[in-house]
Amino acid sequence: MADQYQYNASEEKIVHDSHTKEIDLINRDPKQINEDVVKVEFEDVIAEPDGTHSLDGVWKLSYTTFTVSKYWCYRILSAVFGIPVALLWGFLFACISFCHIWAVVPCIKSCLIESQCISRIYSLCIQTFCDPFFEALGKIFSSIRVLMRKEV
């Protein structure tokens, strides 16, 4: 990986390295996977019903304390643990990808190939042995007539 960008003169286009994807620093959840999970505001946690109100100054200071502490606590935790946790998640998803690519998919393909072979053998046995037998039984029992009489 000598350069992030490599110029290909024959096709006159820039080839981007797949590991240097541009990230959006404004919209950090473009697929909105945390849309309903982590949007916790002061009003979602602390609420005073009618008839039970604290002093206005306490309410405002509580709001400011909650908001600022949540903001800075998240910032500090992500600064301290963000990179190690990202490393762990990267390792975990690399292991999952490795297992999926090198074990799960080949195992499924192998099972499909074997089941197609067994399916053909099973179908051949049914067509060879069972179909004629049941056709013969059908012809035998098709000549049986049931007559019901009601006697008074």
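None of these values were measured; they are calculated from a predicted model. (Residues numbered from 1 in each chain as written. Predicted model: local features only at pLDDT ≥ 70, side-chain atom pairs only at ≥ 80, totals over all residues. Heavy atoms only, no water.)

Undergrad: What should I look at first to understand the packing of aromatic side chains in this one?
TA: Each aromatic ring pair is specified by the distance between its two centres and by the angle formed by the two planes. The final tally for this structure, using the stated rule, is 7 aromatic pairs. Their ring planes at 70° and their centres at 5.0 Å tell us that phenylalanine 42 and tryptophan 59 sit as a pair that is edge-to-face. Here the residue phenylalanine 42 occupies a position in helix H1 (residues 42-45), and tryptophan 59 occupies one in helix H2 (residues 56-142), the gap between them amounting to 17 residues. Classification of phenylalanine 42 by relative accessible area gives buried; the value is 1%. According to the relative accessible area criterion, tryptophan 59 is partly exposed, its value standing at 29%. Relative to phenylalanine 66, the ring of phenylalanine 42 lies with its centre 5.6 Å away and its plane at 65°, an arrangement referred to as edge-to-face. Remark: phenylalanine 66 occurs in helix H2 and phenylalanine 42 occurs in helix H1; sequence separation between them is 24 residues. Each member of the pair phenylalanine 42 and phenylalanine 66 is classed as buried. (Phe/Tyr/Trp six-rings, centres within 6.5 Å; stacked < 30°, edge-to-face > 60°. Helix = DSSP H or I, 4+ residues; strand = E, 2+ residues; numbered from the N terminus. Buried < 20%, exposed > 50% of the residue type's maximum accessible area, 1.4 Å probe, protein only.)

Undergrad: I would appreciate a short explanation of H2 in the present structure.
TA: One turn of the α-helix equals 3.6 residues, which is why residues spaced by three or four share an orientation. Compared with an ideal rise of 1.5 Å per residue, which puts 87 residues at 129 Å, H2 spans 92 Å between its outermost C-alpha atoms and falls more than 12% short. Of all the bends in H2, the greatest reaches close to 50° and is centred on phenylalanine 81; the proline proline 84 follows between one and four positions later. (Expected span 1.5 Å × (residues − 1). Bend = angle between axes of the 7 residues up to and from the residue.)

Undergrad: Which parts of the structure should I look at to understand a nonpolar patch on the surface?
TA: On the surface, Val68, Tyr71, Trp72, Ile76, Leu77, Val80, Phe81, Val85, Trp89, Leu92, Phe93 and Ile96 cluster together to form a nonpolar patch covering roughly 1200 Å² of accessible area. If you trace the backbone, leucine 92 turns up in helix H2. (Patch = residues over 30% accessible without salt bridge, like charges linked within 9 Å, V, L, I, M, F, W, Y side chains within 5 Å. Areas by Shrake-Rupley, 256 points an atom, 1.4 Å probe, with all protein chains shown as cover. Salt bridge = Lys/Arg side-chain N within 4 Å of Asp/Glu carboxyl O.)

Undergrad: For this particular structure, what's the right way to read the state of the cysteines?
TA: Each disulfide consists of one covalent bond between the sulfur atoms belonging to two cysteines. Counted by the stated rule, this structure contains 0 disulfides. Of all cysteine sulfurs in the structure, the one in cysteine 111 sits closest to cysteine 107, which takes part in no disulfide; the separation is 4.4 Å. (Disulfide = S-S within 2.5 Å.)

Undergrad: Before we go on, may I ask you to explain the UniProt feature "transmembrane region" (unreviewed entry) in the chain in this structure?
TA: Under the UniProt annotation, the feature "transmembrane region" (unreviewed entry) is placed at residues 76-103. A distance of 39 Å separates the end C-alpha atoms of residues 76-103, which is 100% helix and 0% strand. (UniProt positions renumbered as here; feature names shortened; annotations may be inferred.)

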